[in-house]
Amino acid sequence: MKRLAGKSLLWIMLAAPGLWMLWSLSQDDVLAMDLLHPSGETSIRLMILAMLPGPLSEFFGLNRFFRIWLAIRRNLGVAAFGYALLHLLFYILDMNSIAAMVDELGLPGIWTGWLAFALMIPPAAISFNYAMRKLGRNWKMVQRLVYLVLIIGLGHWILLDWAWQPAMIHLAPLALAWVLRSVGRSRRQRTQRSMA
């Protein structure tokens, strides 16, 4: 019961910004165009939050904090896909025409967004226990697509904003976590060699 309440609270927190965006749009407080950036940025942030606990817990060691974070990372990844879907919805509403969307498809800032979204679909589609059991070790291979999604998604952001700094600031914690993991692994290897 406690676990269900915790999961429900987590999903309320994850859904709240998206519900607020949809409410604001329905009340004509904002245009769909105004919600493109916050929905896309929220998707990237959640993706990074889902990717951080693995390398950090490997470097610092498993403790209660990292166990909880690791336990909810699949939820964070699914929520990231949900915000990418919302981002797509706002784009469709903003363009208001399939012809206009097709006309833009050749622009690097646009096709990178479509590609990132398409690559998000397989990991999102198998993010449940039954799929994990059925796919076995292959499940992780599909989930690793999120690394490619993140890179393409950040490229999409940079190409549309023509400013690399905000995207790189978002990537910085994950890059630092990867460096820490690499340092930790090489340190362990040196220790093992010295003990052999």
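Residues numbered from 1 in each chain as written. Predicted model: local features only at pLDDT ≥ 70, side-chain atom pairs only at ≥ 80, totals over all residues. Heavy atoms only, no water.

## Examining the packing of aromatic side chains
Here's step 1: All told, the structure shown has 8 aromatic pairs when counted by the stated rule.
Here's step 2: Their ring planes at 90° and their centres at 4.9 Å tell us that Phe-59 and Phe-60 sit as a pair that is edge-to-face.
Here's step 3: Members of the aromatic cluster, joined through ring pairs, are Phe-59, Phe-60, Phe-65, Phe-66 and Trp-69. (Phe/Tyr/Trp six-rings, centres within 6.5 Å; stacked < 30°, edge-to-face > 60°.)

## Some thoughts on helix H9 (residues 145-161)
Here's step 1: The terminal C-alpha atoms of H9, which comprises 17 residues, lie 24 Å apart, in line with the 24 Å expected from a rise of 1.5 Å per residue.
Here's step 2: When H9 is considered as a whole, its buried residues turn out to be Val-149, Leu-150, Ile-152, Gly-153, Leu-154, His-156 and Trp-157.
Here's step 3: Buried residues along H9 sit against helix H2 (36-51), helix H4 (64-95), helix H6 (108-125) and helix H10 (165-195).
Here's step 4: Directly beyond the C-terminal end of H9, a positive phi value near 55° is found at Trp-162. (Helix = DSSP H or I, 4+ residues; strand = E, 2+ residues; numbered from the N terminus. Expected span 1.5 Å × (residues − 1). Buried < 20%, exposed > 50% of the residue type's maximum accessible area, 1.4 Å probe, protein only. Contact = heavy atoms within 4.5 Å.)

## Some details on the layout of surface pockets
Here's step 1: Size it by volume and the largest pocket reaches roughly 1300 Å³.
Here's step 2: Along the walls of the largest pocket sit 39 residues, with Ala-50, Leu-70, Ile-72, Arg-73 and Arg-74 positioned nearest its centre.
Here's step 3: Where the lining of the largest pocket is concerned, the elements lending two or more residues are helix H1 (2-26), H2, helix H3 (53-60), H4, H6, helix H7 (129-135), helix H8 (138-143) and H9.
Here's step 4: When residues in the lining of the largest pocket are grouped by element, the largest group, 11 residues, is from H4.
Here's step 5: Its residues assigned to classes, the lining of the largest pocket shows 23 nonpolar, 7 polar and 9 charged.
Here's step 6: One number sums up the size of the second largest pocket: a volume of about 690 Å³.
Here's step 7: Lining of the second largest pocket is provided by 31 residues; of these, His-87, Gly-109, Gly-113, His-156 and Leu-160 occupy positions nearest its centre. (1 Å grid on protein atoms, 1.4 Å probe; cavity = no way out; pocket = protein on both sides within 12 Å on 5 of 7 lines; lining within 4 Å. Points joined across faces, edges and corners; volume = space filled by probe spheres on them. Nonpolar A, V, L, I, M, F, W, Y, C, P; charged D, E, K, R; others polar.)

## A closer look at H2
Here's step 1: Over its 16 residues, H2 extends 23 Å from the first C-alpha to the last, a length consistent with the 22 Å expected when each residue adds 1.5 Å.
Here's step 2: By the criterion of burial, H2 is predominantly enclosed, with 12 of the 16 residues buried.
Here's step 3: For H2, every residue scored as buried is listed here: Leu-36, Ser-39, Gly-40, Glu-41, Thr-42, Ser-43, Ile-44, Leu-46, Met-47, Ile-48, Ala-50 and Met-51.
Here's step 4: Those residues of H2 hidden inside the fold are in contact with H1, H3, H4, H6, H9 and H10.

## A word on the packing of H4 against H6
Here's step 1: It is at 10 Å that the axes of H4 and H6 come closest, and there the two elements cross at 145°. Helix-helix and strand crossings are classified by hand; for H4 and H6 the assignment is left-handed. The segment H4 lies against H6, with Ala-80, Phe-81, Ala-84, Leu-85, Leu-88 and Tyr-91 engaging Ile-110, Trp-114, Phe-117, Met-120, Ile-121 and Ala-124.
Here's step 2: In terms of residue class, the contact of H4 with H6 is built from 12 nonpolar, no polar and no charged. (Axes fitted to C-alpha atoms, helices over the stretch in contact; angles between N-to-C directions. Left-handed = near helix turned anticlockwise from the far one by under 90°.)

## Section: the pattern of salt bridges
Here's step 1: Tallied over the entire structure, the rule returns 2 salt bridges.
Here's step 2: In this structure, Arg-45 and Glu-41 form a salt bridge, with 2.4 Å as the shortest nitrogen-oxygen distance. Of this pair, Arg-45 and Glu-41 both sit in helix H2, 4 residues apart, roughly one helical turn.
Here's step 3: By relative accessible area, which is 15% here, Glu-41 ends up buried.
Here's step 4: For Glu-58, the salt bridge goes to Arg-185, with nearest N and O atoms at 2.6 Å. With Glu-58 in helix H3 and Arg-185 in helix H10, this pair connects stretches of sequence that are 127 residues apart.
Here's step 5: Judged by relative accessible area, Glu-58 falls into the partly exposed class, the value being 27%. (Salt bridge = Lys/Arg side-chain N within 4 Å of Asp/Glu carboxyl O.)

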